[in-house]
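# Observations on chain architecture
Read off the chains here:
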Amino acid sequence: MFFASDNWAGAHPAINERLSKESTRFAAAYGTSDLDRAIEQRFNEIFEKEVAVFFVATGTAANSLSLASIARPGGLTFCHTEAHVIEDECGAPDFFSGMRMVGVEGPAGKMLPENLIERIARYPQDSVHHGRAAAVTMTQATEVGTIYSLDEIDVISKIAKDNGLPLHMDGARFANALVSLGCSPAEMTWKRGVDVLSFGGTKNGCWCAEAIVFFDPQLAKDFAFLRKRTAQLFSKSRFIAAQFEAYLKDDLWIGLASHANTMADRLRTGFGSLNSARLAWQTESNEVFAVLPKASAKAASEQGAKFYDWLEPRDIPEKVGKDEVLIRMVTSFATTQEDVDQFLSICASA
Ligand SMILES: Cc1ncc(COP(=O)(O)O)c(C=O)c1O
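Residues numbered from 1 in each chain as written. Predicted model: local features only at pLDDT ≥ 70, side-chain atom pairs only at ≥ 80, totals over all residues. Heavy atoms only, no water.

Just so we agree on the cut-off: UniProt positions are given in the numbering used here, feature names are shortened, and annotations may be inferred rather than shown by experiment.
An unreviewed UniProt entry lists the protein under the name L-threonine aldolase, from Aliirhizobium smilacinae. Of the comments in the UniProt record for the protein, the one headed Cofactor (unreviewed entry) reads "pyridoxal 5'-phosphate". Quoted verbatim from the Subunit (unreviewed entry) field of UniProt, the annotation for the protein is "Homotetramer."

Rendered as structure tokens:
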């Protein structure tokens with residue numbers, strides 16, 4: 001019963017098989033192999049346009065270097081107050097970009113458009129003392145398991161464009177959001193004005209594969225140097241390419257994310273029918289936040305379930321009682337129905 005994070009899951013057998021096949025041959029290093037090139041092409045197909053793609057090792061690197069690529073001196077990056085980039089990356093985006101993060105409030109993990117407008121307006125372009133607005137970053141799926149609808153992405157994108165700011169998307173859980181919206185990768189990104197994307201593979205069945213996708217290759221013209229200077233150009237980059245080859249082949253990535261989302265749906269439905277537990281808020285991807293009696297959480301833990309206790313957000317619809325606990329559960333390609341059902345049955349009987 002591993003619900004602590006989708007990072008806790010292993011790698012999908014198809015990814016492992018591809019890695020092991022790759023390990024038996026020689027190929028050119030530093031991203032110049034035929035395989036690296038072929039997978040870059042594959043991203044063009046996936047996004048239905050010519051994109052510039054750069055493989056990196058972690059989601060933090062993808063976010064930090066994406067923002068570094070669009071940085072301006074004295075720049076400010078606007079993100080949700082609970083975004084991974086501002087809360088959970090130890091300031092790496094600030095460190096690599098030399099910019100500062102500005103948190104924008106909004107319910108359900110999404111920036112409220114009027115708050116974003118108001119925040120950006122506080123930092124006019126000639127404001128030497130306060131710094132100037134330089135980028136907007138949004139997370140899809142969000143850190144609290146919700147999803148920006150296509151219309152909501154349009155609204156955020158328009159605000160960014162009205163202010164001349166590039167828009168970055170943290171897609172550590174891109175596939176889960178895509179499956180939830182049922183749209184194409186192009187529709188969720190460049191067709192709505194996203195300029196740079198952190199495209200995650202690790203949480204959805206890869207061993208270690210993340211990519212930065214620039215929808216205007218011109219934006220990436222100096223990026224190869226930035227990636228090297230930040231130590232993210234791997235000599236055996238083809239092993240990231242190999243993972244992406246298997247990941248993107250025959251829509252494996254979509255199947256894995258669908259499975260993770262379906263397991264989260266099963267949890268959501270299960271919690272909905274338990275008298276003793278409730279959903280803390282409605283999520284739409286592979287993360288579920290539930291309020292349980294402390295006794296149920298303790299019983300589940302004692303029987304081996306792994307999950308994280310979560311700090312109660314300010315805007316939670318119904319407060320967490322003193323005998324209750326808020327927990328986060330994350331499903332993955334490796335979550336089984338049995339795991340979900342066992343967890344729910346412990347809650348039902350505790
Ligand atoms: C939304 C989001 N973005 C980025 C990351 C960063 O990924 P990594 O831990 O690989 O640096 C995470 C990881 O949990 C995440 O949840």
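## Some points on the sheet that holds strand S9 (residues 287–293)
Test applied: Any two strands between which DSSP finds at least two bridges are classified as paired. Strands here mean DSSP runs of E at least two residues long; helices mean DSSP runs of H or I at least four residues long; both are numbered from the N terminus. Whether two residues are in contact is decided by their heavy atoms: any pair within 4.5 Å suffices. Each axis is a line fitted through C-alpha atoms, taken for helices only over the stretch in contact, and angles between the N-to-C directions span 0 to 180 degrees.
Here 4 strands make up an open sheet; going across it, the order is S8-S9-S11-S10 and the pairing antiparallel. Whereas interior strands pair on both sides, the edge strands pair on one side only; in this sheet they are strand S8 (278–279) and strand S10 (308–309). Sheet topology note: the S8/S9 ladder contains 2 bridges and is antiparallel. Paired with Arg-278 across the bridge in S9 is Val-291. The strands touched by helix H12 (residues 252–272) within the sheet are S8, S9 and strand S11 (324–330), with S9 carrying the most contacts at an inclination of about 25 degrees. Each of S9 and S11 is contacted by helix H13 (residues 294–302), which is oriented at about 115 degrees to S9, the strand it contacts most.

## A look at the UniProt feature "domain: Aromatic amino acid beta-eliminating lyase/threonine aldolase" (unreviewed entry) in the protein
The positions that UniProt labels "domain: Aromatic amino acid beta-eliminating lyase/threonine aldolase" (unreviewed entry) are, in the present scheme, residues 3–288. In this annotation, residues 3–288 is assigned 41% helix and 15% strand; the end-to-end C-alpha distance for the span is 9 Å.

## Some words on the site of the ligand
Keep this limit in mind: One heavy atom within 4 Å of a molecule or strand is enough for the residue carrying it to be called near that molecule or strand. Each polar contact in these results corresponds to two N or O atoms within 3.5 Å; when the atoms are within protein, one needs to be able to donate a hydrogen and the other to accept it, and residues that are neighboring in sequence are counted only if both atoms are side-chain atoms. Throughout, the Shrake-Rupley method with a 1.4 Å probe supplies accessible areas, and for residues the shown protein chains are the sole cover considered. Here a cavity denotes grid points, spaced 1 Å and computed from the protein atoms alone, that fit a 1.4 Å probe unable to get out, and a pocket denotes an open set having protein on both sides within 12 Å along at least 5 of 7 lines; residues with an atom within 4 Å of a point are the lining. Molecule-in-pocket calls rest on the fraction of atoms, with more than half required to lie within 2 Å of the cavity or pocket grid points. Here the nonpolar group is Ala, Val, Leu, Ile, Met, Phe, Trp, Tyr, Cys and Pro; Asp, Glu, Lys and Arg are the charged ones; every other residue, Gly included, is treated as polar.
With respect to spatial proximity, 13 residues lie near the ligand, and among them Gly-59, Thr-60, His-84, Asp-170 and Lys-203 are the closest. A distance of 3.3 Å separates an oxygen atom of the ligand from a polar atom in the side chain of His-84. Within the complex, 80% of the 390 Å² of free accessible area of the ligand lies under protein. At a threshold of 2 Å from the grid points, most atoms of the ligand map onto the largest pocket. Taken together, the residues that form the shell around the ligand break down as 1 nonpolar, 7 polar and 5 charged.

## Some words on the environment of Leu-19
Assignment of secondary structure puts Leu-19 in helix H1 (residues 13–22). Taking the C-alpha atoms as reference points, Leu-19 and Ala-246, 227 residues apart in sequence, are found 9.0 Å from one another. In contact with Leu-19, not counting residues within four places along its chain, are Trp-207, Phe-239 and Gln-243.

## A look at the domain arrangement of the protein
The condition that has to hold: Throughout, the edges of the domains are those of an automatic or database domain assignment. Buried area adds together the accessible area that both of two parts lose upon being put together, with accessible area traced by a 1.4 Å probe. The term salt bridge refers to a pairing of a side-chain nitrogen on Lys or Arg with a carboxyl oxygen on Asp or Glu at a separation within 4 Å.
For the protein, the domain assignment lists domain 1 (12–250) and domain 2 (253–349). On a C-alpha basis, the centres of domain 1 and domain 2 stand 28 Å from each other. Taken together, the 26 residues of domain 1 in the interface contact 19 residues of domain 2. With both sides pooled, the region where domain 1 packs onto domain 2 buries about 1800 Å², and carbon together with sulfur makes up 56% of that total. The interface formed by domain 1 and domain 2 contains 1 salt bridge. Salt-bridge contacts for Glu-287 lead to Arg-173; the nearest nitrogen and oxygen are separated by 3.4 Å. Counting across the interface, domain 1 meets domain 2 through 10 residue pairs in polar contact (both at pLDDT 80 or more).

## Brief notes about the layout of surface pockets
The condition that has to hold: Grid points are joined across faces, edges and corners, and a volume is the space filled by probe spheres set on the points.
What the largest pocket holds in volume is close to 830 Å³. Taken together, 38 residues form the lining of the largest pocket, with Glu-82, His-84, Asp-88, Glu-143 and Trp-310 sitting closest to its centre. Here the lining of the largest pocket spans two domains, and each of domain 1 (12–250) and domain 2 (253–349) adds at least three residues to it. Computed from the structure, the second largest pocket encloses a volume of approximately 220 Å³. Around the second largest pocket, the lining is made up of 15 residues, and of these Gly-31, Asp-36, Arg-37, Glu-40 and Val-53 lie nearest the centre. Put simply, the parts of the chain that give the lining of the second largest pocket at least two residues each are helix H2 (34–47) and strand S1 (52–56). Residue contributions to the lining of the second largest pocket peak at 5 residues, all from H2. Counted by class, the lining of the second largest pocket contains 6 nonpolar, 4 polar and 5 charged residues.

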